[in-house]
Amino acid sequence: MKETLQLRDFLKYRFVSNVTYAPDGEHAAYVIATCDEKHNTYQRRLYVWDGKAHKQLTNGGKESMYLWEDKDTLLFSSLRDKQDQEAVENGEERTVFYRISLHGGEAIKAFTIPLVVTGIQKVSDGCYACTVDYDLNYSYCYSLGEEEKVKALKEKKDMEDYEILDELPFYGNGLGYTNKKRNSLFLYEENSDTLTRISTDIMDVMDVKWDKEKQLLYYTGEVRIQHKQTGRQGIYVYDRKAGTSKCIFDQGEYMISGIEPWGEELLVIASDGRRYGINENAQFYFLKKSKLELFAANEDSLWGSVGSDCRLGGGKSSCLYQDKYYFITTRRHEAHIYALDKQGDIQPVLELSGSVDAFDIHDKGLIFIGMQEDLLQELYQMDITNKTYQRISDYNMWVHETKTICPLEECNFTSDDITLYGWVMKPVGYEEGKQYPAILDIHGGPRTVYGTVFYHEMQVWANQGYFVFFMNPRGSDGRGNGFADINGKYGTIDYEDLMKFTDVVLERYTAIDQQRVGVTGGSYGGFMTNWIIGHTNRFKAAASQRSIANWISFAHTSDIGEFFTKDQQQADTWESVEELWWHSPLKYANQVKTPTLFIHSNEDYRCPYSEGLQMYSALVEHGIEARLCMFKGENHELSRSGKPKHRVKRLEEITNWMQQHLK
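Attention in this report is confined to the structure presented alongside it. Nothing here was measured: the structure is a model prediction, and the numbers come from that model.

What counts, and at which threshold
Residues numbered from 1 in each chain as written. Predicted model: local features only at pLDDT ≥ 70, side-chain atom pairs only at ≥ 80, totals over all residues. Heavy atoms only, no water. Helix = DSSP H or I, 4+ residues; strand = E, 2+ residues; numbered from the N terminus. Buried < 20%, exposed > 50% of the residue type's maximum accessible area, 1.4 Å probe, protein only. Polar contact = N/O pair within 3.5 Å; in protein donor to acceptor, adjacent residues only side chain to side chain. Contact = heavy atoms within 4.5 Å. Salt bridge = Lys/Arg side-chain N within 4 Å of Asp/Glu carboxyl O. Pairing = 2+ DSSP bridges. Axes fitted to C-alpha atoms, helices over the stretch in contact; angles between N-to-C directions. Phe/Tyr/Trp six-rings, centres within 6.5 Å; stacked < 30°, edge-to-face > 60°. Lys NZ or Arg CZ within 6 Å of the ring centre and 35° of its normal. Core = buried A, V, L, I, M, F, W, Y, C linked by side-chain atoms within 4.5 Å. Parallel < 35°, antiparallel > 145°, perpendicular 65-115°, else oblique. Left-handed = near helix turned anticlockwise from the far one by under 90°. Nonpolar A, V, L, I, M, F, W, Y, C, P; charged D, E, K, R; others polar.

A few words now on the side chain of Q381. For Q381, the location among the structural elements is in strand β30 (residues 378–383). Residue classification places Q381 among the buried positions, given a relative accessible area of 16%. Here the side chain of Q381 touches Y21 through a polar contact of 2.8 Å, side chain to side chain. With near-sequence residues (within four places) excluded, Q381 lies in contact with Y21, W49, K364, L366, I367, T388, Y389, Q390 and I392.

What follows is about the pattern of salt bridges. Tallied over the entire structure, the rule returns 48 salt bridges. For D416, the salt bridge goes to R474, with nearest N and O atoms at 3.0 Å. Within this pair, whereas D416 is found in the loop between β34 (413–415) and β35 (418–420), its partner R474 is found in the loop between β38 (467–471) and α5 (480–484), the two being separated by 58 residues in sequence. On the basis of relative accessible area, D416 is assigned to the exposed category, the value being 52%. What emerges from the salt-bridge pattern is a single network uniting D81, D84, E92, R94, K109 and K149.

This brings us to the sheet that holds strand β15 (residues 194–197). In spatial order, the strands read β10-β11-β14-β15; together these 4 strands make up an open sheet with antiparallel pairing. Either end of the sheet is taken by a strand with one partner, and the two such strands are β10 (116–124) and β15. Recorded for the sheet is a direction-independent mean angle of 30° between the axes of neighbouring strands. Sheet topology places strand β11 (residues 127–135) next to strand β14 (residues 181–189); 9 bridges connect them, and they run antiparallel.

Here we come to the packing of aromatic side chains. Using the criterion set out here, one finds 47 aromatic pairs in the structure. Relative to Y389, the ring of Y380 lies with its centre 5.9 Å away and its plane at 55°, an arrangement referred to as tilted. For the ring pair W531 and W582, a centre distance of 5.6 Å and an interplane angle of 55° mean the geometry is tilted. Of this pair, W531 sits in helix α7 (residues 524–533) while W582 sits in helix α10 (residues 577–582), and the two are 51 residues apart along the sequence. Residue W531 is classed as buried on the basis of its relative accessible area, which comes to 1%. By the ring-pair criterion, three or more aromatic residues cluster together here, those being Y490, Y524, F527, W531, W551, F554, F564, W582 and Y588. Over the face of the ring belonging to Y338 we find R331, whose NZ or CZ atom lies 4.0 Å from the ring centre. The ring of F483 carries the charged tip of R479 above its face, separated from the ring centre by 4.5 Å.

Pairing in this open sheet of 4 strands is antiparallel, and the strands run β20-β21-β22-β23 from one edge to the other. With one partner strand each, in any of the chains shown, β20 (255–262) and β23 (291–296) form the two edges of the open sheet. Averaged over all adjacent pairs, the angle separating strand axes in this sheet is 35°, with direction ignored. Pairing of β20 with strand β21 (residues 265–271) involves 7 bridges; the strand directions are antiparallel. Opposite I256, over in β21, you have A270 as the bridge partner.

Time to look at the nonpolar core. Y13, Y326, I337, F359 and F368 are the most contacted members of the largest nonpolar core, which has 65 residues in total. Of all the elements, helix α13 (residues 644–662) adds the most residues to this core, at 6 residues. Leaving out residues up to four positions away in the same chain, F368 has contacts with L350, L352, V356, A358, F359, E378, L379, Y380, M382 and Y389. F469, I493, Y509 and A618 belong to the second largest nonpolar core, which has 54 residues in total.

Moving on, we get to the environment of E3. Inspection of the secondary structure puts E3 in strand β1 (residues 3–4). For E3, a relative accessible area of 49% gives the class partly exposed. Distance from E3 to T404, taken between C-alpha atoms, is 6.0 Å for residues 401 residues apart in sequence. The contacts of E3, once residues within four sequence positions are left out, are T402, K403 and T404.

As a further point, take the packing of helix α6 (residues 493–508) against α7. Look at α6 against α7: their axes get within 11 Å of each other, and the N-to-C directions meet at 75°. When the axis of α6 is compared with that of α7, the two are roughly perpendicular. Each of D494, Y495, L498 and M499 in α6 lies in contact with α7, whose residues at this interface are Y524, M528, W531 and I532.

All right, on to the environment of A296 then. Within the secondary structure, A296 is located in strand β23. Residue classification places A296 among the buried positions, given a relative accessible area of 3%. In this structure, the C-alpha to C-alpha distance between A296 and I560, residues 264 residues apart in sequence, is 30 Å.

Interaxial distance between helix α4 (residues 456–463) and α13 falls to 12 Å at its minimum, and their mutual angle equals 40°. Taken as axis vectors, α4 and α13 run oblique relative to one another. In terms of crossing hand, the pair formed by α4 and α13 is right-handed. Only R650, L651, I654 and T655 of α13 make contact with α4, whose side of the interface consists of H456, E457, V460 and W461. Per-class residue counts for the contact of α4 with α13 are 4 nonpolar, 2 polar and 2 charged.

Structure (structure tokens):
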């Protein structure tokens, strides 16, 4: 007899990320993250798979950044020594790396880089290319004498009480205040313990790739113009032998999402955004004589956007292997792996129901982290030749073996001659003839999708006796640029799709009590929840999470507000403020009758806390039942990577609110 899935069961899930093959392909390494409720954090450890069995390799709990030194050794970052910990607490910047053998023994300290390393690649023995979070005001401290360094660190400590802003954006979600901070590129030589700056100090470095011979380092970067980000990048190359960098493609015209040295050519994944704006899917180009020459047209996304609240950490989403460029792409409501060949043909490699979250390829096969067949994350291996694959881990199989999991039923319909995809989950213990409450869940983005993957919050609600229904309205990812384009249309065709879907669900599932239907969503889903309660009273309760209420204020407080608002709303504060206000849910707050819970985080710089406050205060002012729960120290990612106790409390707040008003 299976047990009912509980809200707190997610504390026992294992989250898999960052899988890579060893150079000889005999082993694969990856990261497992687990919730540490006692310390309200996550433990991350390195594991290896030898083709037969899995083995935990580290136990420090903070190991997530690593690389293969050779076929038998991993290099990883960790802060283990008390001296290193105290130095960081005192304001010093340092990243400590350790080496550990697959064949046993303790990890041995390898070297310390006196900067905050965000990524590392091996160039040759003892030589590494590193991206670092570089503070223009203080990161140079490592080069000072002891007396000067002490003085600079004291000044840094004194500055913690306030921020000076002279750039836009001045903060970033999950990054804190980013004013005068850059992602910089350095070369580190272990033998001489020297750092060589590659990128200019004012440049933000994005993608970094070596050529096959490890002599030329290609990287993309952006320099702010008049203290503002442009959203457009240039391409640069560093000649290791000469020790010099030069620009090979000027910044200004293209949004460049990736580069890949391919033989004698450089593949560039980019978009000029002329047709569909900043969210236009990138196409494939080759760099020819300082210009981008279209190689393969593309209308689909080049990332995995299938949403879930059961992931933590990322991994490789593209790579070059045997003269093909492999990449994750979202098609309809599933994330697959496709490949681009040298003739410009794009073909599927792995098309499965669910999502591929990260992968790597070697002669031994393709290894990937996936959410397949309604399972939580597991590791899989695929034979590329015969297209067969098998699951090679069982980290989360206990959930499906011991807990009641609700299957998804397709509930598709047509709107404006377009087939739209949706799903319904019946409540656990469903009985014919009985009436049940229901919850409409709206995804974020809007450029993401719901799919047939495990979603903890929805499974919890279904296990508590709710119908749960969700869909991908126009504006969602997975169906090309045209379908995703709702620029200037927020609250119109997307709202119509969601309301028609609700009508269809209520018509097909007569066991739903139409007087007990709630609605919730986060980010774009929070915007849409705010919009819905201002335009209809059909829902008896709402939970608006990390939302947008006012496009005018959002445009000038969000870390993406300045360019996102102009692009998505086709309006700005000075030329067309009426348009921004028309699309703002706050304008319609005086029409709200629905009891609404607001969930927000005080360090959410994507949809700032002030957005939730505005909507909450407007409802209270008009005598509508409202409640706001603000999480301190959390950001826009609360529901996906927030502290374990906060994630429990968030879901309890929403669940209790629905229980109070729908049952």
